[in-house]
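So you can see what is in the structure, the chains are spelled out below.
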Amino acid sequence: MQFLYRGQAERVWAEFKDENFNLIDASGSTTVKIMYQNGTVKVAAGTGVHDSTGRYYYPLTPDANWAYGYYGAWWSGWINSVYTTQDVPNIFKLKDPAESIVEGVLLDAMRSKLFMQLDAGGYKNKYLSNREMLDFLQNGLDWFNAEPPLVTSFNFKTLPQQYYRVVELGGIIHALIGLEILEAGKHFAYSDNGISITRDRSGKYLSIYSSLTSSYLEELKRIKQMYAFNNVGMRGMFSSTVGYPRSLSRALRGCSKYAGGS
């Protein structure tokens, strides 16, 4: 996914390919429609600029009228005499710089805990791209927000700093899931003349993930319970030991009149 910022000149890109998935130039001009996530059309019919074979871009400089969030860019044009348009748009996100700063803080903390190999040049990271790491980090934030008893709607800008660590840990757990899936695809076993070689790292990552998740869920539950207790105002005091009758007749059932006398 491409990230854009207000006031910065950017290019929204598209590639046109034939039925064999080879890059091919469109016949004539290409157009792009850009829509915000709530359905508001920001660019109705922009004209694409040809860059190289099959590659086009649309120049864009978002201003204050562009809301932060996700946008879809639908490209269309003629390919081999057939008018072609996208069923699924190219997605980009207009980001708040303040949000990106917090993401950078959490990404740095995650990377310091996910270095897997030591070589002469220092620690070598399994994840070379921030794209994957940001996905894991967003998963961690979504996990935090969805945890009961109080569902929250924090983003990285509004997230209180005291919760950075727990969101970061949630991102690390999702990164371990990614490593488990990656290594499962690389698993193999080989045997020849009594010599056996087995490559199975997926189980090791699963073991780390399982133990980490168990303690994380307990901690997350306590944190969200405390957050709910501190942020939900009670309007009255209730007791499970006191019952209130629905009617006066029920309240007086089994009672008899006092006739008085000495």
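Anyway, here's the lowdown on the structure attached to this text.

Below, the discussion takes up the sheet that holds strand S2 (residues 10–15). Judged by pairing direction, the sheet is antiparallel, and its 3 strands sit side by side in the order S2-S6-S5 without closing on themselves. The two strands at the open ends of the sheet, each matched to only one other strand, are S2 and strand S5 (49–52). Adjacent strand axes in the sheet meet at a mean angle of 35°, parallel and antiparallel pairs treated alike. Summarising the sheet, S5 and strand S6 (residues 55–60) pair through 3 bridges and their orientation is antiparallel. Along S6, the bridge assignment pairs Ser52 with Arg55.

Let's shift gears to a nonpolar patch on the surface. A contiguous nonpolar surface patch, about 270 Å² in accessible area, is contributed by Met1, Tyr70 and Ile91. With respect to the helices, strands and loops of the structure, Tyr70 is situated in strand S7 (residues 69–79).

Our next topic: unusual backbone geometry. Here the amide bond leading from Pro148 into Pro149 is cis, since omega sits at 15°, within 30 degrees of zero. Take Pro149: it is sitting in the loop between helix H2 (130–146) and helix H3 (164–186). Non-glycine residue Asn80 carries a positive phi angle of around 50°. Tracing the backbone through its elements, the reader meets Asn80 in the loop between S7 and strand S8 (82–85). Judged by relative accessible area, which is 46%, Asn80 ranks as partly exposed. The backbone of Ser81 sits at a positive phi, close to 70°, despite the residue not being glycine.

This part is about the pairing of S8. Both S7 and S8 contribute to a ladder of 4 bridges, which runs antiparallel. Residue pairing for S8: Ser76 is matched across the bridge by Thr85. The hairpin turn running from S7 into S8, its antiparallel successor, is 2 residues long, and Asn80 in that turn takes a positive phi close to 50°.

What follows concerns the side chain of Thr152. By the secondary structure assignment, Thr152 is in the loop between H2 and H3. At a separation of 2.7 Å, a polar atom in the side chain of Thr152 contacts the side chain of Asn145. Excluding its chain neighbours within four sequence positions, the residues that come into contact with Thr152 are Phe144, Asn145, Lys224 and Tyr227.

Across 3 bridges, strand S1 (residues 2–4) lies against strand S9 (residues 90–94) in parallel orientation. Each residue of the ladder has a partner; that of Leu4, found in S9, is Leu94. The pairing of S7 with S9 spans 5 bridges and is classified as antiparallel. Directly across from Gly69, in S9, lies its bridge partner Leu94.

The next subject is H2. For H2, built from 17 residues, the straight-helix expectation of 24 Å at 1.5 Å per residue is met to within 8% by its first-to-last C-alpha distance of 24 Å. Listing the buried residues of H2 in full gives Met133, Leu134, Phe136, Leu137, Gly140, Leu141, Phe144 and Asn145.

Turning our attention to the nonpolar core. Counting residues in each nonpolar core, the largest one holds 27 residues, and the members touching the most others are Phe144, Leu159, Val166 and Val167. Those elements giving two or more residues to this core turn out to be helix H1 (97–113), H2, H3 and helix H4 (202–231). Take this core: its biggest share by element is 8 residues, from H3. Not counting residues within four places of it along the chain, the set of residues in contact with Leu159 comprises Leu141, Phe144, Phe154, Tyr164 and Val167. Phe16, Tyr36, Tyr56 and Ala73 belong to the second-largest nonpolar core, a separate cluster that totals 20 residues.

Scanning the model with the defined rule gives 11 aromatic pairs in all. When the centroid spacing of 6.0 Å and the interplanar angle of 75° are considered together, the rings of Tyr163 and Tyr227 count as edge-to-face. Residue Tyr163 is found in the loop between H2 and H3, and its partner Tyr227 is found in helix H4; the two are separated by 64 residues along the sequence. An aromatic cluster is defined as three or more aromatic residues linked by ring pairs; in this entry it consists of Tyr36, Trp66, Tyr71 and Phe92. Over the ring of Phe3 we find Lys95; its NZ or CZ atom is 4.3 Å from the centre of that ring. A cation over a ring is seen here: Lys224 above Phe144, with NZ or CZ 5.0 Å from the ring centre.

In this section: the environment of Ile172. Within the fold, Ile172 resides in helix H3. Under the relative-accessibility criterion, Ile172 is labelled buried at 6%. Taking the C-alpha atoms as reference, Ile172 lies 8.9 Å from Met133; in sequence the two are 39 residues apart. Here Ile172 is in contact with Met110, Lys113, Leu114 and Leu212, once residues within four sequence places are set aside.

So, how was this worked out
- Residues numbered from 1 in each chain as written.
- Predicted model: local features only at pLDDT ≥ 70, side-chain atom pairs only at ≥ 80, totals over all residues.
- Heavy atoms only, no water.
- Pairing = 2+ DSSP bridges.
- Helix = DSSP H or I, 4+ residues; strand = E, 2+ residues; numbered from the N terminus.
- Axes fitted to C-alpha atoms, helices over the stretch in contact; angles between N-to-C directions.
- Patch = residues over 30% accessible without salt bridge, like charges linked within 9 Å, V, L, I, M, F, W, Y side chains within 5 Å.
- Areas by Shrake-Rupley, 256 points an atom, 1.4 Å probe, with all protein chains shown as cover.
- Salt bridge = Lys/Arg side-chain N within 4 Å of Asp/Glu carboxyl O.
- Buried < 20%, exposed > 50% of the residue type's maximum accessible area, 1.4 Å probe, protein only.
- Polar contact = N/O pair within 3.5 Å; in protein donor to acceptor, adjacent residues only side chain to side chain.
- Contact = heavy atoms within 4.5 Å.
- Expected span 1.5 Å × (residues − 1).
- Core = buried A, V, L, I, M, F, W, Y, C linked by side-chain atoms within 4.5 Å.
- Phe/Tyr/Trp six-rings, centres within 6.5 Å; stacked < 30°, edge-to-face > 60°.
- Lys NZ or Arg CZ within 6 Å of the ring centre and 35° of its normal.

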